[in-house]
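Examination of the molecular architecture
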Amino acid sequence: MALSGLEIYKHLPKSNCKECGVATCLAFAMKVASGQASLEGCPRLDEKGKTALGEAGAPPQSLISFGANGYGFEIGQETVLYRHEDKFYHPTAISVCINDSLDNAILEQRCKELSAIAFDRMGKTSVVDMLALVNASKDTARFAEAARLAAASFPRSLALLSPDPTALRAAGEAVAARRPLLWALCTGSNPEAFFKVAEDLRLPLCIEAPGFEALAGLADQARVSGLKDLVLSPGPVSSQEGCAFLTQSRRAAITKKFRSLGYPVAMMAMDEDPLRATVDACWYILKYAGIVVANLTRPEHILALAATRQDIYTNPQIPVQVPAGLHEVGDPGPDAPVLVTTNFALSYYSVESEISSARIPAYILAVDTEGTSVLTAWAAEKLTGATTAEALAKARAAEKAGHKKVIIPGLVSVLSGSIKEESGWDVIVGPREASGLVSFLKANWRS
Ligand code: SF4
């Protein structure tokens, strides 16, 4: 049965030394109770405490890390089934697969292309986090050579996938410094050999077997042999079976505290039709996958995965915000337009994307409305004549823009009088939607 924070606190050293990264022992106990930390985080916990707390102090799902050199990645240690209950902590690793049977030049070129893919969306940059190298050649020496090539051309995390423990050992040794994830395809046929490779190389291992029972049994076997850093995979399954597996294993781990399935899950979206593979991968991201390996190469397909992940891994209790204040888009000189919006990221980026894609230099005044949208902020009296005037003055907007004309969203045209009165600026009522801004500026703004 899960222990409360106070029950855990009783067994902690109570020195408040902060070595666990938390300010007090009580705060650390609360984190352990909620599944966001493990007892291993307290280096001062004595054997007596460890014995008393035992497995009850372990988070329901393990935290697994891989990668190195500033490109480390963590998955797992999730605490809820539904993000509105708290939030999801560790975003899915987006991974693209590549075969070791490719010619060296092509393999290198593909790795470089994948490493260059990056998307800026809502103030965050998304990339391909992991390259999954598949031992399609079935040749041990080739797999190791391809792993070296991939490591040299792709700087982020690597996964090495093979049904052969000898090949996995050779490739793992070749790039051990990069801390790759070893992925034992068809683990069930020879599990001990794979466990030994992971143990010897001290690398995380993804084990694969069809169905809950087989996978839970393998996970128990691995744990008994001393392996803690495990990832589970149900192997090649249909998208329907994959979603069912993800949902049921997460439920078993979080709500039933079923330790054998308390690990992050890796899924493969390998449909030959890239649109189908994209849809499958997005489903898996939405349904708790810790890693998604897809056979996708086109940036537009990978963007769908990145956008899905970004949407599901934001904290639903905190609106996504941009810093309040005056933002410069392009290189706005004096006489560039000053556009008012709020610091709600969606509102801000709707405006920013319109004017930056039309290459119109401008200032955007993001009024601090605690991350609420234009209409909501107006209704809650967070976007008013006074708050807009205060934001203009604080940002020294008149000094920077060299004029005192401000364009406000058409949705809040009722504020034009109060903004003029409070700020002394001339107010121009702009379009109701950001999509009308470019044509509005072309027709109405004269520098
Ligand atoms: S490391 Fe242990 S003793 Fe130190 S503050 Fe954290 S929980 Fe308390």
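Details of the structure are given in the entry above.
Okay, so let's go over this structure. (Residues numbered from 1 in each chain as written. Predicted model: local features only at pLDDT ≥ 70, side-chain atom pairs only at ≥ 80, totals over all residues. Heavy atoms only, no water.)

**Some details on the overall build of the protein chain**
The criterion, for reference: Every helix listed is a DSSP run of H or I at least four residues long, and every strand listed is a run of E at least two residues long, numbered separately from the N terminus. Each residue is placed in one exposure class: buried if its accessible area under a 1.4 Å probe, protein chains only, is under 20% of its type's maximum, exposed if it is over 50%, and partly exposed if it falls in between. Throughout, a contact is declared for two residues whenever any of their heavy atoms are within 4.5 Å. Only the protein chains shown count as covering a residue, and every accessible area follows the Shrake-Rupley method with a 1.4 Å probe.
Helices and strands together make up the secondary structure of the protein chain, namely 17 helices and 17 strands. C-alpha atoms of the protein chain, sized along the principal axes, occupy 75 × 60 × 35 Å. Looking at the protein chain as a whole, 49% of its 447 residues are labelled buried. Long-range pairs, those at least 24 residues apart, make up 66% of the contacts in the protein chain between residues at least 6 apart in sequence. Summed over all atoms, the accessible surface of the protein chain reaches about 20,500 Å², with 52% contributed by carbon and sulfur.

**With respect to the side chain of Arg156**
What counts here: Here the positive residues are Lys and Arg and the negative ones are Asp and Glu; neither His nor the chain ends is included. By definition here, a salt bridge exists when the distance from a side-chain nitrogen of Lys or Arg to a carboxyl oxygen of Asp or Glu is within 4 Å. Whenever a nitrogen or oxygen atom comes within 3.5 Å of another N or O atom, the pair is scored as a polar contact, on the condition that within protein one atom can donate a hydrogen and the other can accept it, and that pairs from neighbouring residues in sequence are kept only if both atoms are in side chains.
Within the secondary structure, Arg156 is located in the loop between helix 5 (140-153) and strand 7 (157-162). One buried charged residue, Arg156, forms no salt bridge at all, with the nearest opposite charge on Asp129 at 5.6 Å. Engagement of the side chain of Arg156 in a polar contact is seen with the backbone oxygen of Ser115, the distance being 2.9 Å. Here the side chain of Arg156 touches Val128 through a polar contact of 2.7 Å, landing on its backbone oxygen. Setting aside its immediate chain neighbours within four residues, Arg156 contacts Tyr71, Leu114, Ser115, Ile117, Val127, Val128, Asp129 and Arg178.

**Describing the pairing of strand 16 (residues 405-408)**
Regular strands place side chains that alternate from one sheet face to the opposite one. As a reminder, the rule being used: Pairing between strands is defined by DSSP: at least two bridges between the two strands are required. Whether a crossover is right-handed comes down to one check: with the strands pointing away from the viewer, does the path from the first strand over the helix to the second run clockwise; if it does, it is right-handed.
The pairing of strand 14 (residues 338-342) with strand 16 spans two bridges and is parallel. The partner of Val338 across the bridge, within strand 16, is Val406. Note that strand 16 and strand 17 (residues 426-429) share four bridges and pair parallel. Bridging from a neighbouring strand, Lys405 pairs with Asp426 of strand 17. The β-α-β motif built from strand 16, the intervening helix 16 (residues 416-423) and the parallel element strand 17 has right-handed crossover chirality.

**Focus: the sheet that holds strand 16**
Keep this limit in mind: Angles here are taken between N-to-C directions and fall from 0 to 180 degrees, while the axes themselves are lines fitted to C-alpha atoms, restricted in helices to the stretch in contact.
Overall, mixed pairing links the five strands, which are arranged 13-15-14-16-17 in an open sheet. Unpaired on one side and paired on the other, strand 13 (325-329) and strand 17 mark the two borders of the sheet. Going from strand to strand, the sheet's axes swing by 30° on average, the running direction of each strand aside.

**Here's the deal with the nonpolar core**
Buried together is how nonpolar side chains tend to be arranged in soluble globular proteins. As a reminder of what qualifies: Here, nonpolar core means buried Ala, Val, Leu, Ile, Met, Phe, Trp, Tyr and Cys residues that are tied together by side-chain atoms lying within 4.5 Å of each other.
One finds Leu160, Leu205, Ile207 and Ile302 to be the most contacted residues of the largest nonpolar core, which totals 71 residues. Counting residues per element, this core draws most heavily on helix 5, which supplies six residues. Grouped together as the second largest cluster of nonpolar side chains are 22 residues, Leu365, Val374, Leu383 and Leu392 included.

**Some details on a nonpolar patch on the surface**
Put simply, the rule is: Distance thresholds for patches are 9 Å for like charges and 5 Å for nonpolar side chains (Val, Leu, Ile, Met, Phe, Trp, Tyr), applied to residues having over 30% relative accessible area and no salt bridge.
Side chains of Leu6, Leu26 and Met30 sit close together on the surface and give an oily, nonpolar patch of about 270 Å² of accessible area. Along the chain, the position of Leu26 falls in helix 2 (residues 25-33). With a relative accessible area of 34%, Leu26 lands in the partly exposed category.

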